[in-house]
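Spelled out from the first residue to the last, the chains are:
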Amino acid sequence: FNPQRIQATLGTGLSDGGRIDARLATGWDDAAPLSGEVAVDTTELTWLELFSPDIIEPTGTLAGRIALGGTRGTPTLGGQARLSGFRTELPALNIELTDGDVRMVAQPDGSARINGAVRSGEGVLNIDGSLDWRGGDAPLVLNLRGDDVLASDTRDIHAVIDPDLVVRYQAGQPLTVTGTVGVPEARLELESLDDGVSASSDVVVLGPVDPE
């Protein structure tokens with residue numbers, strides 16, 4: 001870099017035989033032109049564990065080529081990326097996510113569409129939404145819908161849900177979730193739960209009923 005320009009390149013092989021190559025060129029000012037690209041092809045997905053302590057041993061294939069354009073202050077996306085054959089365990093919920101397939105495809109307006117699905121139990125969680133780098137109130141918007149999705153299968157809570165949710169995220173702002181969640185099947189072992197909040201004064205919990 002110098003007082004006028006920022007330029008960067010990255011090229012690295014990965015332990016699984018995959019590779020990541022990237023190039024970036026821009027300036028310091030928000031109005032400076034931005035150009036670059038990121039190419040990735042790998043089955044090494046353990047870095048996903050950095051985003052959540054609940055994800056264990058994720059596997060699958062990530063492949064794509066993303067082009068960067070626009071300006072440093074208002075970047076645009078091009079190209080596409082795909083995560084296929086995704087599988088991971090969530091030990092805290094005692095569930096396994098399998099058959100994951102998620103695509104991100106750039107749109108002519110500089111944003112990107114996201115769509116895909118992942119299986120949990122007997123149900124499939126469908127995902128679609130958008131990633132908008134151009135600003136606005138919600139750069140990342142995801143719609144999550146599904147039927148008979150296994151949400152928890154622990155000793156304390158077994159729950160199958162029908163979610164219909166909208167998740168919005170903007171850097172520096174709280175994550176917001178709106179919508180509905182149907183629960184066609186659930187089993188709660190109330191006596192073994194020890195992490196609950198204090199019950200409201202108008203709540204009455206009945207213990208085991210006399211069999212007779």
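Fair warning: this is a prediction, and the values are worked out from it, not measured in the lab.

Considering a nonpolar patch on the surface
- A grouping of W47, L50 and F51 is seen on the molecular surface, where their side chains present a nonpolar patch of about 410 Å² in accessible area.
- Position of W47 relative to the elements: it lies in the loop between β3 (35–42) and β4 (56–70).

Overview of the pairing of strand β9 (residues 140–147)
- Pairing of strand β8 (residues 123–131) with β9 involves eight bridges; the strand directions are antiparallel. Paired with N126 across the bridge in β9 is R145.

Quick word on the environment of Q80
- Among the structural elements, Q80 can be located in strand β5 (residues 75–90).
- Of the residues examined, Q80 reaches a relative accessible area of 43% and is grouped as partly exposed.
- Along the sequence, Q80 and Q173 sit 93 residues apart, while their C-alpha atoms lie 27 Å from each other.
- With residues up to four places along the chain from it excluded, the contact list for Q80 reads G64, R65, I66, M104 and V105.

Some thoughts on the pattern of salt bridges
- Under the criterion given, the structure shown has eleven salt bridges.
- Between D101 and R82 there is a salt bridge, with its nearest N and O atoms 2.5 Å apart. Placement of the pair is D101 in strand β6 (residues 95–106) and R82 in strand β5, with a sequence separation of 19 residues.
- According to the relative accessible area criterion, R82 is partly exposed, its value standing at 33%.
- The residue E189 makes a salt bridge to R187 at a minimum N-O spacing of 3.9 Å.
- R187 gets classed as partly exposed once you look at its relative accessible area, which sits at 41%.
- A single salt-bridge network, built from bridges that share partners, covers R113, D128, R145 and D164.

Procedures and definitions
- Residues numbered from 1 in each chain as written.
- Predicted model: local features only at pLDDT ≥ 70, side-chain atom pairs only at ≥ 80, totals over all residues.
- Heavy atoms only, no water.
- Patch = residues over 30% accessible without salt bridge, like charges linked within 9 Å, V, L, I, M, F, W, Y side chains within 5 Å.
- Areas by Shrake-Rupley, 256 points an atom, 1.4 Å probe, with all protein chains shown as cover.
- Salt bridge = Lys/Arg side-chain N within 4 Å of Asp/Glu carboxyl O.
- Helix = DSSP H or I, 4+ residues; strand = E, 2+ residues; numbered from the N terminus.
- Pairing = 2+ DSSP bridges.
- Buried < 20%, exposed > 50% of the residue type's maximum accessible area, 1.4 Å probe, protein only.
- Contact = heavy atoms within 4.5 Å.

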